[in-house]
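Descriptive structure summary
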Amino acid sequence: MKQSEKISFRELAVPLIKSIDSFNYLLRSHHRRVAVISYHIGRKMNLEDQQMVDLIVAASLHDIGALSVQERDMLVREDVENPEPHCLMGYRMLSACDIFDSVAQIIRHHHVRYDRNRKEDVKIQSYIVHLADRVDICTSPDKFILNQKRDVVERIEKKVGTVFSPVVFDAFLEAAKADLFWIEIDNLSMEKLFDRINFIYTRMLDSEEMIHFALMISRIIDFRSRFTASHSYTVGKLGYHIGKILNFDENFCTKILVAGLLHDIGKIGIDTAFIEKNGPLTEGEFNQMKLHCYYSGQILGELSASDWFRDVVYWAEHHHERIDGSGYPYACSGDAVDSGTKIVAFSDIISALMENRPYRKKFGTEKSFEIIENEIAPSLGPEMFRELKNHKNKIAEIVFSCQRESQEVYAEKLENS
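These notes cover the structure that comes with them. Computed from a prediction, not measured in an experiment: that's the story for all the values here.

For the protein, the helix and strand inventory stands at 21 helices and 2 strands. Against the compact-globule benchmark of 22 Å for 417 residues, the protein has a radius of gyration of 22 Å, which places it among compact chains. For the C-alpha atoms alone, the extent of the protein along its principal axes is close to 70 × 50 × 40 Å. Here the protein, with 417 residues, has 58% of them falling under the buried criterion. Across the protein, every contact between residues at least 6 apart in sequence was considered, and the portion connecting residues at least 24 apart equals 73%. Accessible surface for the protein amounts to roughly 17800 Å². Of this, 46% is attributable to carbon and sulfur atoms. Between the mean site of the 52 positive side-chain charges and the mean site of the 63 negative ones, the protein shows a separation of 3 Å.

Before going further, it helps to spend a moment on the pattern of salt bridges. Applying the stated rule across the entire model yields 18 salt bridges. Note that D115 and R113 form a salt bridge whose closest N and O atoms lie 3.1 Å from each other. When its relative accessible area of 30% is taken as the criterion, D115 is described as partly exposed. With its nearest N and O atoms 3.3 Å apart, the salt bridge here joins D311 to K255. Of this pair, D311 sits in helix 17 (residues 307–317) while K255 sits in helix 14 (residues 250–262), and the two are 56 residues apart along the sequence.

Over its 16 residues, helix 19 (residues 365–380) runs only 19 Å from end to end, short of the ideal 22 Å by more than 12%, given 1.5 Å per residue. A bend of about 50° at E373 is the largest found in helix 19. The complete set of buried residues in helix 19 reads T365, S368, F369, I371, I372, I376, A377, S379 and L380.

A word on unusual backbone geometry. Of note, the bond from Y328 into P329 is cis; its omega dihedral lies within 30 degrees of zero at 5°. Within the fold, P329 resides in the loop between helix 17 and helix 18 (339–353). Positive phi, normally seen in glycine, also occurs at A331, with a value near 55°. With respect to the element layout, A331 can be found in the loop between helix 17 and helix 18.

Scanning the model with the defined rule gives 0 disulfides in all. The thiol sulfur of C87 is not disulfide-bonded, and the nearest other cysteine sulfur, from C138, lies at 17 Å. Taking the relative accessible area as the measure of exposure, C87 reaches 2% and is therefore buried. The buried category is assigned to C138, whose relative accessible area is 4%.

So, about the nonpolar core. Ranked by internal contacts, the top residues of the largest apolar core, which has 129 residues, are F100, F172, W182, F213 and F309. Not counting chain neighbours up to four residues away, the residues in contact with W182 comprise V135, T139, I145, L146, K149, V152, V153, F172 and A176. Core analysis: the next-biggest nonpolar cluster, separate from the first, contains 6 residues, L26, L27, A66 and L75 among them.

Okay, the packing of aromatic side chains next. Applying the stated criterion across every chain yields a total of 13 aromatic pairs. Between F181 and W182, the ring centres sit 5.0 Å apart and the planes meet at 85°, which makes this aromatic pair edge-to-face. A residue is classified by how much of its surface remains accessible, and F181, at 1% relative accessible area, is buried. Residue classification places W182 among the buried residues on the basis of a relative accessible area of 0%. Taking 4.1 Å as the distance between ring centres and 15° as the angle between the ring planes, the aromatic pair formed by F248 and F252 counts as stacked. Owing to a relative accessible area of 27%, F248 belongs among the partly exposed residues under this scheme. Here F252 falls in the buried class, since its relative accessible area comes to 16%. Here the aromatic residues F169, F172, F181 and W182 are joined through ring pairs into a cluster of three or more.

Glancing now at the side chain of S230. Looking at the secondary structure, you find S230 in the loop between helix 12 (207–222) and helix 13 (231–245). S230 gets classed as buried once you look at its relative accessible area, which sits at 3%. Residues within four places of S230 in sequence aside, it is in contact with E355, C402, Q403, S406 and Q407.

Looking at the secondary structure, you find G42 in helix 2 (residues 30–44). Residue G42 is classed as buried on the basis of its relative accessible area, which comes to 0%. Sequence-wise, G42 and R108 are 66 residues apart; in three dimensions their C-alpha atoms are separated by 19 Å. Beyond its immediate stretch of four places on either side in the chain, G42 contacts L47, M52 and L55.

A word on the environment of Q148. In this fold, Q148 is placed in the loop between helix 7 (124–138) and helix 8 (149–157). Ignoring any residue separated from it by four or fewer positions in sequence, one finds Q148 in contact with C138, T139, S140 and K143. Looking at Q148, its side chain comes within polar contact range of the main-chain oxygen of K143, at 2.9 Å.

About the criteria used
- Residues numbered from 1 in each chain as written.
- Predicted model: local features only at pLDDT ≥ 70, side-chain atom pairs only at ≥ 80, totals over all residues.
- Heavy atoms only, no water.
- Helix = DSSP H or I, 4+ residues; strand = E, 2+ residues; numbered from the N terminus.
- Rg over C-alpha atoms; globule rule 2.2 N^0.38 Å.
- Buried < 20%, exposed > 50% of the residue type's maximum accessible area, 1.4 Å probe, protein only.
- Contact = heavy atoms within 4.5 Å.
- Areas by Shrake-Rupley, 256 points an atom, 1.4 Å probe, with all protein chains shown as cover.
- Lys, Arg positive; Asp, Glu negative; His and termini not counted.
- Charge placed at Lys NZ, Arg CZ, Asp CG, Glu CD.
- Salt bridge = Lys/Arg side-chain N within 4 Å of Asp/Glu carboxyl O.
- Expected span 1.5 Å × (residues − 1).
- Bend = angle between axes of the 7 residues up to and from the residue.
- Disulfide = S-S within 2.5 Å.
- Core = buried A, V, L, I, M, F, W, Y, C linked by side-chain atoms within 4.5 Å.
- Phe/Tyr/Trp six-rings, centres within 6.5 Å; stacked < 30°, edge-to-face > 60°.
- Polar contact = N/O pair within 3.5 Å; in protein donor to acceptor, adjacent residues only side chain to side chain.

Quick look at the structure:
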């Protein structure tokens, strides 16, 4: 990647963070609301610019380690009985990307009780996110928020010195005096919030850093099910190698890798029950699943402003299109299904066929290629498939290697969770 093609951390991270909150099936808008509350508390505590940035990013991602509806239901109770698993999972997801070291530490401890903390590495932002998180849980979406001020403050105050930090509570109390504080919980957008802080992550990311970031984001999606734990990683890595097999240059292949890692990001807006279903999807359920391509385009859309990312977004959004117009969601055909789209699509299909699913065991190499040749290649790219078939053993080795690597990481992340 050339210097002129680099992208800043803010350009990459902010659109994904705000979009993930908007589309998150489990916790829609919860991250945004907690980030707004945290912002007002942080302002009252006079946090430094870097501390504020870390606080808002952490608040915007704090529950990404919650992987299931069951965890979601537990987290929306006022008293969380076992917060450790999702805190640890979120920490391990984010700590894979060096840029998020500080944010990961905040998320790791964002449910630490004030009276039980014996850890010197707990950052003040963890206490802020904890209190902000519970403030949001204490508010009812069925009542006008300004009518809830006194009740919410009283419920939080009862746990000061035990669950919550007295210093953080004092800042919350000061912020909560203004009606604006409560109004913005319901109304301030993530975009407007990020505009208010001095976003000093100005560094430009090189291709390796972008790959690490994309891998981190892919795990937020894939680790929601053991059946998809290796999927996006395999699609990305396999797509990269297919690009090499087809003699595309390094820059093109790197774009394919990133597109593969991000291609299913839209599944954050899909009920995990569809992925875990022990049987084929009904027509209605499959129609719901189709939305993930559209959601991927919406989440990644702002990145299209970057010349380098324009292809990445297109390939991720169109990976279920077919040259005969039978794909979804846009029913593209012909040249609109370009080489990059075909590579991501073939990588996606190969990976899926060679993975276990709740309703079937994974297919072997021969069976997978037979299915693709008879049922998929004619509508996706018969010429490209013929070349891939000539390298099917190498492709199978790549798939199995990626699965081993991903499953090891997944198992490690679930340890003690």
